[in-house]
Each structure stands twice: as C-alpha cells, then as structure tokens.
Amino acid sequence: MFAGLAEGVTRIGNLSTGADVQSTGRCMQQLGAMVRREGDEVIVEGVGAKGLRDPDGVLDCGNSGTTMRLLSGIVAGARLNAVMDGDASLRKRPMRRVLGPLREMGASAQGEGAAGDERAPLRFTRGEPLRPLSYDMPTASAQVKSCVLLAGVFANGETQVREPHPSRDHTESMLPIFGVPVQRDPISLKGPASLKAPARLDVPSDFSSAAFLMAAAALVPDADVTIENVNLNPRRTGFLRALERMGADIEVTQAAPRAGEPCGAIRVRGGRKLKAIDIHEADIPDQVDEIPMLAILATQAEGRTVISGAGELRVKESDRLAMVAKGLTAMGAKVEELKDGLIIEGPVQLRGASIETAHDHRIAMGFAIAGLCAEGETIINEAEWADISYPGFFKLLNDLSGGSVSTEA
C-alpha cells in the first residue's frame, strides 16, 4: 500500500505470496499502481497520493481485514468513488470502527447494516477534503490506528491517535521510511504529506507465521527449530514472551534490521515441561493473532491457564474463542469458554479429532500443531485456508515432523 501511494519505484524482497498480500496488490493496481513480481522481488511503481484513481470495478479484499481497513483510509483520503468488498468471512467483520473516525474527518462512507454494526461492502463517494482528527481509540487496534493515520496523510493539519494500550506499530515505523515523519507520543503526523519510494525494502519474516513453528518445537520432545530473520518488534512478540514465561527453551539472536524493524533468529527446543500462565487484556494486542496457538499450548502446560480481555478474537476471520473451545473439547481438553477468553486446565493427553476451521487460517494451522501431540489421527477440514497467510505451511510441517503430516484430500 505505501509503495503504491508513493512517488517512484520500490523493490520489495521477501514479500509473502499469501492470498491476503495478493488481494492487497490487486486493489492497489486498480487504484493506479503497477505491481509485478520479478523472481524473488515484487516491483511497485507508485503513482503518488494525488495520482490515485477511481477503481474500475469493486475493490475485492478477499479474506483480508487488514486490507479493507487500511485501504479505507487511503480511499477516503484520496476522495475516490469506490466500493470495497470481500469474501463471506470478511463481510461478517465489523467495519464501523474505521468508518466512524473517517466520517469524523469528513469522509462520505457507509457500510451495510445498522449504523452501529456496519459491514462490507463499503461504499465511498467523493466529498470534501478530509479534516485532521484527534482520535481517542476505544479499543487498541493497529488496523484502526493505521486507517486513521493513512487518512491523515491526505488531511490538511495534524492527525493524532491515542490508544488505551499500545498496539502493533508497523505503520509508525514504515511511514518515515517513505519520508513521512511520525511522532510517537501522542501518535501523530502532519498532512498533506507526500510519500517517496525508498528504492528497496526487505520484509522481515512474519512473527505470526513463525509462532506456529515455535509452538510445534516447544511441544515435541527432541525438536530443535531455528527460524531466521524474524520480525522482533516488541509490539509483535507477546507470544515469545508468553512462551518464555511458560518455561520453553528459547534462544534469540539479534540480526540486522529490515524495513525499519528489529530482526533476529529464534531457536526453540522441545523437551521442557511447560507451566500455566495468565494472559490479561493488556497482554492481548502484542499477541492477538497467537492466542489460539497459546490456548493449544496451554493444554500441555501444568496448571490452569486463564486468558481474559480477548473479546476481539470473536470478530476475527471466525469467532476464534468459540472455534478454539470447540476444537479443544473435541480433542479431549479441559477448556471453559468465557465471554472474553478461555480457561484451560493442563496437561491432558489430546486425542485425534476432525476439526472444522470456519474458513480461518489460524485455526487450521493451530490445530495442525495440536495434532502433532495428539493420540490418533487429526483431520483438518478445509486446510487450504492456511494459504491466506502461509502458503506451503503443511508441506513444511510435514518435512519438519518427518512425514507425519499428509496433505491428501
């Protein structure tokens, strides 16, 4: 998105081939940017903030809530006539959280359904230039924060965002690389601003994807897995800190930064007994996508693990609290579903089961890891949803586990 919004050409290395990233690339092409893959690189020819155009057809965000919410800030700021839509799962996700502040900035935008519960498709019509906004977020959300900041790039004046808890700050780190200064306390920028292509960016390995391999290594005796060039941004590594608190054998080696983000290698070895921990609301933003995997790990930890303040998981690609509770119960775990969390008693011997994914990539991958330490066969239905964020996940897991994972339908 930033490269398409910038003036000039950006060469991006190590960009994921996942479906969410491809959805984003297609949307940016519809807005006028040129996006193509050359070998291991993706080349983006940006058109600048003033060069964006009305899309010819619906902007299809696929399964990606990040695409829809961040792109909403760009579409509103550029004052485009556009319709944004996605698959059945994305249409269920709440979008009032971005449409509300955008309308406060003067955007003409609306979703389907009641005003307090708007969902895709989202419709934007050309209106007056956006006004800067000072916005107090009711819930910590990197997607909402990024949407407001991207809209603020187009507004004349200072846009500020204040969070109840710190959330992922990739947007605040990335914008200065593209020539837009961002203040951190409070989070703010001055518009209108022009983004300049930085010539080249190398994307660090995704921590959320690495988390599944880290969990697998922690669960399987004699496992020894090293994942290189992982993003070690403190706002992403809550799961790493949770694993350390649980007693896992972890070694982190720092490496050179990539794309403005700290990076390093993470080595995890199995064999240590895990212990239960508590996860509170303030802990959630730094590991919101890893909570399902953490809950699965908790079934093998000694004691009671309590996860609270995680109500945001009910409005992800699926109701992840419900799907985790359902899947773990089917596998014989002792789990209690709370309004905003889970209570898991461990350790228990999991048994193989047939797992429904609800079209959720993280549910599919998480229960594949659970299957590694379960007795009997575990079947992940519609496992192909893992390709949303991690193409090749099951093949890699099969290679690491010595052939215990079959990808046959």
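For the structure itself, look to the data block above.
Residues numbered from 1 in each chain as written. Predicted model: local features only at pLDDT ≥ 70, side-chain atom pairs only at ≥ 80, totals over all residues. Heavy atoms only, no water.

Enquirer: Sorry if this is basic, but what is going on with the side chain of Gln-160 here?
Expert: Residue placement: Gln-160 occurs in strand 9 (residues 157-162). Look at Gln-160 and you get buried, because its relative accessible area is 18%. At 2.8 Å, the side chain of Gln-160 forms a polar contact with the side chain of Arg-162. Setting aside residues no more than four positions away along its own chain, Gln-160 makes contact with Leu-133, Ser-134, Tyr-135, Pro-186, Ile-187 and Ser-188. (Helix = DSSP H or I, 4+ residues; strand = E, 2+ residues; numbered from the N terminus. Buried < 20%, exposed > 50% of the residue type's maximum accessible area, 1.4 Å probe, protein only. Polar contact = N/O pair within 3.5 Å; in protein donor to acceptor, adjacent residues only side chain to side chain. Contact = heavy atoms within 4.5 Å.)

Enquirer: Help me understand the nonpolar core in this model?
Expert: If you look at soluble globular proteins, the nonpolar side chains tend to sit buried side by side. Counting 70 residues, the largest nonpolar core has Met-214, Phe-239, Ile-266, Leu-297, Phe-367, Ile-369 and Phe-393 as the members making the most contacts within it. Top contributing element to this core by residue count: helix 7 (residues 207-219), with 11 residues. Each residue touching Leu-297, except ones within four places of it in the same chain, is listed here: Ala-215, Ala-218, Leu-219, Phe-239, Leu-243, Met-246 and Leu-274. Leu-59, Met-84, Leu-90 and Ala-107 belong to the second largest nonpolar core, which has 61 residues in total. (Core = buried A, V, L, I, M, F, W, Y, C linked by side-chain atoms within 4.5 Å.)

Enquirer: What exactly am I supposed to notice about the pattern of salt bridges here?
Expert: Side chains carrying opposite charge are able to pair once their charged atoms draw close together. Across all of its chains, the model carries 35 salt bridges by this definition. A salt bridge links Arg-200 to Glu-41, with the nearest nitrogen and oxygen atoms 2.1 Å apart. Here the residue Arg-200 occupies a position in strand 12 (residues 200-202), and Glu-41 occupies one in strand 3 (residues 41-47), the gap between them amounting to 159 residues. The class of Glu-41 is buried, set by a relative accessible area of 18%. Of the charged contacts, one joins Glu-312 and Arg-97 as a salt bridge, the two residues approaching to 2.7 Å between their closest N and O atoms. Of this pair, Glu-312 sits in the loop between strand 18 (301-307) and helix 10 (320-330) while Arg-97 is found in helix 4 (residues 96-104), placing the two residues 215 residues apart along the sequence. A single salt-bridge network, built from bridges that share partners, covers Arg-93, Arg-168, Asp-289, Lys-316, Glu-317, Arg-320, Asp-360 and Arg-362. (Salt bridge = Lys/Arg side-chain N within 4 Å of Asp/Glu carboxyl O.)

Enquirer: Sorry, what's going on with unusual backbone geometry here?
Expert: Among all residues except glycine, the phi angle is most often negative; among peptide bonds, the trans geometry is most common. Looking along the chain, the bond that leaves Ala-120 and enters Pro-121 is cis, with omega of 5 degrees. The backbone of Asn-14 shows a phi angle near 65 degrees, a positive value even though the residue is not glycine. Structurally, Asn-14 can be placed in the loop between strand 1 (7-13) and helix 2 (19-30). On the basis of relative accessible area, Asn-14 is assigned to the partly exposed category, the value being 41%.

Enquirer: Can you walk me through the sheet that holds strand 9 in this structure?
Expert: Strands belonging to one sheet form pairs held by backbone hydrogen bonds; the direction of such a pair is parallel or antiparallel. If you walk across this open sheet you meet the 4 strands as 8-9-11-10, and the pairing is mixed. A single partner strand is all that each edge strand has here, and the edge strands are strand 8 (134-136) and strand 10 (183-184). Two elements, strand 8 and strand 9, share 3 bridges in a ladder whose sense is parallel. Bridge pairing in strand 9 links Asp-136 to Arg-162. (Pairing = 2+ DSSP bridges.)

Enquirer: I tried to follow the pairing of strand 9 on my own but got confused; where do I start?
Expert: As a general feature of sheets, a regular strand has side chains that alternate between the two faces. Between strand 8 and its parallel partner strand 9, the chain crosses via helix 5 (residues 142-152), and the hand of that crossover is right-handed. Note: strand 9 against strand 11 (residues 187-191), 5 bridges, orientation antiparallel. Considered in strand 11, the bridge of Glu-158 is made with Lys-190. (Right-handed = clockwise from strand over helix to strand, strands pointing away.)

Enquirer: Is there a simple way to think about the sheet that holds strand 13 (residues 224-231) in this case?
Expert: Read across the sheet, 3 strands follow the order 13-15-14 without closing on themselves; strand pairing throughout is antiparallel. With one partner strand each, in any of the chains shown, strand 13 and strand 14 (249-258) form the two edges of the open sheet. Each strand of the sheet is rotated relative to its neighbour by a mean of 15 degrees, with strand direction disregarded. Two elements, strand 14 and strand 15 (residues 261-269), share 8 bridges in a ladder whose sense is antiparallel. Looking at strand 15, one finds that Asp-249 is bridged to Arg-269. Its contacts with the sheet place helix 7 against strand 13 and strand 15, and it is angled at close to 165 degrees to strand 13. (Axes fitted to C-alpha atoms, helices over the stretch in contact; angles between N-to-C directions.)

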